[in-house]
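Here are the chains, one letter per residue:
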Amino acid sequence: MKGPLNILAIDDEPSVLLIIQHYFKEKFQVKVLNKPADAITWMQEGNLPDIIICDLNMPEISGEEFIVFLRSSGFFSTIPVIMLSATESSEKKIAILNAGADDFMVKPFNPKELEARINSILRRLGKLEYLQ
């Protein structure tokens, strides 16, 4: 039997990372980072999360640039990504989904809804049985 699945959460707001870490720690191994550049380094060191939760609006590398990097990478292109943003713009949501995000949630978010969306993605990938 495989161990717990891994969530990588990337956000420059510590409160969001705390919520994700606290809410999901029972069912997942949760790695939190506050910059996409750190996430890229962490993954290039051989750490492959089962799912990534990433904020859209961050300094240096935006969530949009991060998703474009992932989708163009041979190693990371299939990792599912849920993008978080305070932006409710339909145009932005469409752009992010078209760039390769698997889902998009507006902040503030309900952790139970985020969990349902994660479960939905993992179920499609055949990984949900590890959560039972």
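Just above sits the structure.
The structure presented is a predicted model; accordingly, all values stated were derived computationally and were not measured. (Residues numbered from 1 in each chain as written. Predicted model: local features only at pLDDT ≥ 70, side-chain atom pairs only at ≥ 80, totals over all residues. Heavy atoms only, no water.)

1. As for the environment of Phe104
Here is step 1: Within the secondary structure layout, Phe104 lies in strand E5 (residues 103-106).
Here is step 2: Distance in space between the C-alpha atoms of Phe104 and Ile94 is 9.2 Å, their sequence separation being 10 residues.
Here is step 3: Beyond its immediate sequence surroundings of up to four residues, Phe104 is in contact with Leu56, Met83, Ser85, Thr87, Lys93, Ile96, Leu97 and Arg117. (Helix = DSSP H or I, 4+ residues; strand = E, 2+ residues; numbered from the N terminus. Contact = heavy atoms within 4.5 Å.)

2. Considering the pattern of salt bridges
Note on pairing: side chains with opposite charge can pair once their charged atoms come close.
Here is step 1: The tally for this structure, following the rule as stated, stands at 9 salt bridges.
Here is step 2: A salt bridge links Arg71 to Asp102; the nearest nitrogen and oxygen atoms lie 3.0 Å apart. Taken together, the residues Arg71 in helix H3 (residues 63-72) and Asp102 in the loop between helix H4 (90-99) and E5 connect sequence positions 31 residues apart.
Here is step 3: Look at Arg71 and you get partly exposed, because its relative accessible area is 24%.
Here is step 4: For Asp102, a relative accessible area of 36% gives the class partly exposed.
Here is step 5: Salt-bridge contacts for Arg117 lead to Glu113; the nearest nitrogen and oxygen are separated by 2.6 Å. On the criterion of helical spacing, the pair formed by Arg117 and Glu113 is a turn pair, its members being 4 residues apart in helix H5 (residues 111-124).
Here is step 6: Owing to a relative accessible area of 36%, Glu113 belongs among the partly exposed residues under this scheme.
Here is step 7: In this structure, a network of salt bridges that share partners links the residues Asp11, Glu13, Asp55 and Lys107. (Salt bridge = Lys/Arg side-chain N within 4 Å of Asp/Glu carboxyl O. Buried < 20%, exposed > 50% of the residue type's maximum accessible area, 1.4 Å probe, protein only.)

3. Observations concerning the packing of helix H2 (residues 36-44) against H3
Here is step 1: At a minimum axis separation of 10 Å, H2 and H3 run at an interaxial angle of 20°. Taken together, the axis directions place H2 and H3 in an arrangement best described as roughly parallel. At the point where H2 passes H3, the crossing takes the right-handed sense. Each of Pro36, Ala39, Ile40, Met43 and Gln44 in H2 lies in contact with H3, whose residues at this interface are Phe66, Phe69 and Leu70.
Here is step 2: Class assignment of the residues belonging to the contact of H2 with H3 gives a composition of 7 nonpolar, 1 polar and no charged. (Axes fitted to C-alpha atoms, helices over the stretch in contact; angles between N-to-C directions. Parallel < 35°, antiparallel > 145°, perpendicular 65-115°, else oblique. Left-handed = near helix turned anticlockwise from the far one by under 90°. Nonpolar A, V, L, I, M, F, W, Y, C, P; charged D, E, K, R; others polar.)

4. Regarding H2
One full turn of an α-helix is made of 3.6 residues, so residues set three or four places apart face in the same direction.
Here is step 1: Residues of H2 that are buried include every one of Pro36, Ala39, Ile40, Trp42 and Met43, and no others. The arc that holds every buried residue of H2, seen down its axis, measures 165°, which confines them to one face.
Here is step 2: Among the structural elements, strand E1 (5-10), strand E2 (28-33), strand E3 (51-55) and H3 are those in contact with the buried residues of H2.
Here is step 3: One or two residues past the end of H2 sits Gly46, with phi positive at roughly 105°. (Arc of directions from axis to C-beta.)

5. Some thoughts on the packing of helix H1 (residues 14-24) against H5
Here is step 1: Running from N to C, H1 and H5 cross one another at 65°; their axes reach a closest spacing of 11 Å. Classed by the angle they form, the pair H1 and H5 counts as roughly perpendicular. The interaxial crossing formed by H1 with H5 has right-handed handedness. Residues Ile19, Ile20, Tyr23 and Phe24 of H1 touch H5, and the partners they reach there are Pro111, Lys112, Leu114, Glu115 and Ile118.

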